[in-house]
Amino acid sequence: MPFFLTRKNAEEKRLGIYIHIPFCKNKCEYCDFYSLGGRIEESLTDRYLQALADHLKETGKLAPGYTVDTVYFGGGTPSYFGAENLERILDEIHRNFRLSVEAEITLEANPESLSSQMLRKLIHAGFNRLSIGVQSDDDEMLNKLGRVHNFHQAKVAMQQARKAGFGNISLDLMYGLPGQTLSQWRDTVTNIVSMRPDHISCYALKLEENTPLWGYKDKLSFPDDDKQADMYLAACEILGEYGYRHYEISNFAKKGKESRHNLKYWNGAEYLGFGPSAASDFAGKRFTIKRDLHGYIDGIAKKEAVLSECESIPLRERAGEYIMLRLRTLDGINAEEYERNYLMPFGQIEQLMQRFADNGFAEKENERWRLTEKGWLVSNRIIVAINELQERSTPLAKKR
């Protein structure tokens, strides 16, 4: 069992770490994330592990005052990479960063790549949260999507994970699938609830140009926007009845089981990403690694640049991000918080939020504005309207 370091004092900064595992058994028809499907050559595995180890070691030197309180292995399909390799990466994080004893350590997984033995190894290594990609309870639909598991395997994986000791399990679902009806979707949500996960994510299928599904989308029938809205609200209704708190647009959790790592993204906290396509927001800069596995491996080995972009974010832009990201969450936005952190006036935004509230799209509680579930359905339009207003505002610092 790896050794966990605790914080020295309460003033140390908090940090999230994201590890990208760009390997899959099979590339899904709808997936636009950077990943490579097929068998992984052992030599490539070893080279990637070395690149990650070197990158973690060099970056750890830049964060001596930080405590890592969340680690997230995403992909790709991290579980396809094997328990031993995942443990090696987690060990490198332990060696090079101060890791909280209470750190949330999440692994994304596909049902068919999990086994009782692997799950026990993951628990022993220090993983304490699983995010399992189920997507649908319909085997025919799973096949259409290019998934390589069936629903029975998902149920078995859930049972095995509980038996191994995982007390925090999230299941991912998708709606707006080809030919999917509202009745089918309601049944799917109910069937998933019966598995008693701690967290459920519900994502609308998004057609991306660089995917196989895009190439033959015209041959399929997809639910229109109104039907997708009905599906979304149905999920909100069912999950609410079963005690899941709708804490972010697409995410529902039992009390205390919210994804702490993903909340970092929505709350504007700092995080570091490792591996091709991984993004970071650290020390006032945002940077992204190129979507090139071999380029990443070679670049780290030769100490060459591996970033596709790196920029400092102006305060006004940060203010816009605060609005955009926080309104995705149940926590919402607050006038004093906004003006203190971004030196921008909140008065006109307050007036606009009140107009949204008059139409049932927003509500105010304990001096915080948030969108209702009805408002989340049109959140893009609401956020655009607020950001346009913000762009015309004069910073408070200039008024003094």
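As the structure is a computational prediction, the values presented were derived from the model and not from experiment. (Residues numbered from 1 in each chain as written. Predicted model: local features only at pLDDT ≥ 70, side-chain atom pairs only at ≥ 80, totals over all residues. Heavy atoms only, no water.)

### Focus: the overall build of the protein
- Along the protein, the regular secondary structure elements total 16 helices and 17 strands.
- On C-alpha atoms alone, the protein measures out to a radius of gyration of 22 Å, which is about the 21 Å that the 2.2 N^0.38 rule sets for 400 residues.
- Looking at the protein as a whole, 52% of its 400 residues qualify as buried.
- Long-range contacts, defined as pairs at least 24 residues apart, comprise 71% of the intrachain contacts of the protein with a sequence gap of at least 6.
- Accessible area for the protein stands at about 19,000 Å²; split by element, carbon and sulfur atoms hold 47% of it.
- In the protein, 54 side chains carry a positive charge and 57 a negative one; their mean positions are 4 Å apart. (Helix = DSSP H or I, 4+ residues; strand = E, 2+ residues; numbered from the N terminus. Rg over C-alpha atoms; globule rule 2.2 N^0.38 Å. Buried < 20%, exposed > 50% of the residue type's maximum accessible area, 1.4 Å probe, protein only. Contact = heavy atoms within 4.5 Å. Areas by Shrake-Rupley, 256 points an atom, 1.4 Å probe, with all protein chains shown as cover. Lys, Arg positive; Asp, Glu negative; His and termini not counted. Charge placed at Lys NZ, Arg CZ, Asp CG, Glu CD.)

### Concerning the sheet that holds strand β15 (residues 333-334)
- The three strands are arranged β15-β17-β16 in an open sheet whose pairing can be described as antiparallel. Either end of the sheet is taken by a strand with one partner, and the two such strands are β15 and β16 (362-365).
- When β15 meets strand β17 (residues 368-371), the two strands line up antiparallel, connected through two bridges. If you follow Asn334 over to β17, its bridge partner there is Arg368. (Pairing = 2+ DSSP bridges.)

### Considerations on the confidence of the model for the protein
- When pLDDT is averaged along the protein, the result is 94, and 96% of the positions lie at 70 or above.
- A low-confidence stretch, residues 1-10 stays under pLDDT 50, and its non-local contacts, those more than four residues away or across chains, total 28 contacts. (pLDDT = per-residue confidence, 0-100.)

### Some points on helix α10 (residues 293-301)
- When α10 is considered as a whole, its buried residues turn out to be Leu293, Tyr296, Ile297, Gly299 and Ile300.
- Tucked inside the fold, the buried residues of α10 contact β2 (23-24), β3 (36-37), α1 (42-60), β11 (271-274) and β13 (285-289).
- The backbone nitrogen of His294 has a side-chain oxygen 3.3 Å away, supplied by the residue at the start of α10, namely Asp292. (Polar contact = N/O pair within 3.5 Å; in protein donor to acceptor, adjacent residues only side chain to side chain.)

### Some details on the nonpolar core
- Counting residues in each nonpolar core, the largest one holds 102 residues, and the members touching the most others are Ile19, Phe73, Phe97 and Phe127.
- Broken down by element, this core gets its largest block of residues, seven residues, from helix α8 (residues 225-241).
- Within the second largest apolar cluster, nine residues are counted, among which are Cys28, Leu145, Met174 and Leu205. (Core = buried A, V, L, I, M, F, W, Y, C linked by side-chain atoms within 4.5 Å.)

### Points about a negative patch on the surface
- On the surface, Asp224, Asp225, Asp226 and Asp230 cluster together to form a negatively charged patch.
- When you line up the elements, Asp226 lands in helix α8.
- When its relative accessible area of 58% is taken as the criterion, Asp226 is described as exposed. (Patch = residues over 30% accessible without salt bridge, like charges linked within 9 Å, V, L, I, M, F, W, Y side chains within 5 Å. Salt bridge = Lys/Arg side-chain N within 4 Å of Asp/Glu carboxyl O.)

### Structural notes on the pairing of β13
- Here strand β12 (residues 279-282) runs beside β13; their pairing, made up of four bridges, is antiparallel. The residue of β13 that forms the bridge with Ala279 is Thr288.
- With antiparallel pairing between neighbouring strands as the criterion, β12 and β13 make up a hairpin whose turn holds two residues, including Ala283 at a positive phi of roughly 55°.
- The pairing of β13 with strand β14 (residues 307-312) spans five bridges and is classified as antiparallel. Opposite Ile289, over in β14, you have Leu307 as the bridge partner.

### As for the pattern of salt bridges
- Under the criterion given, the structure shown has 24 salt bridges.
- A salt bridge links Arg328 to Glu248, with the shortest nitrogen-to-oxygen separation between them at 2.4 Å. Here Arg328 is found in the loop between α11 (315-326) and β15, whereas its partner Glu248 is found in strand β9 (residues 245-248), with 80 residues between them in sequence.
- We classify Arg328 as partly exposed; its relative accessible area is 27%.

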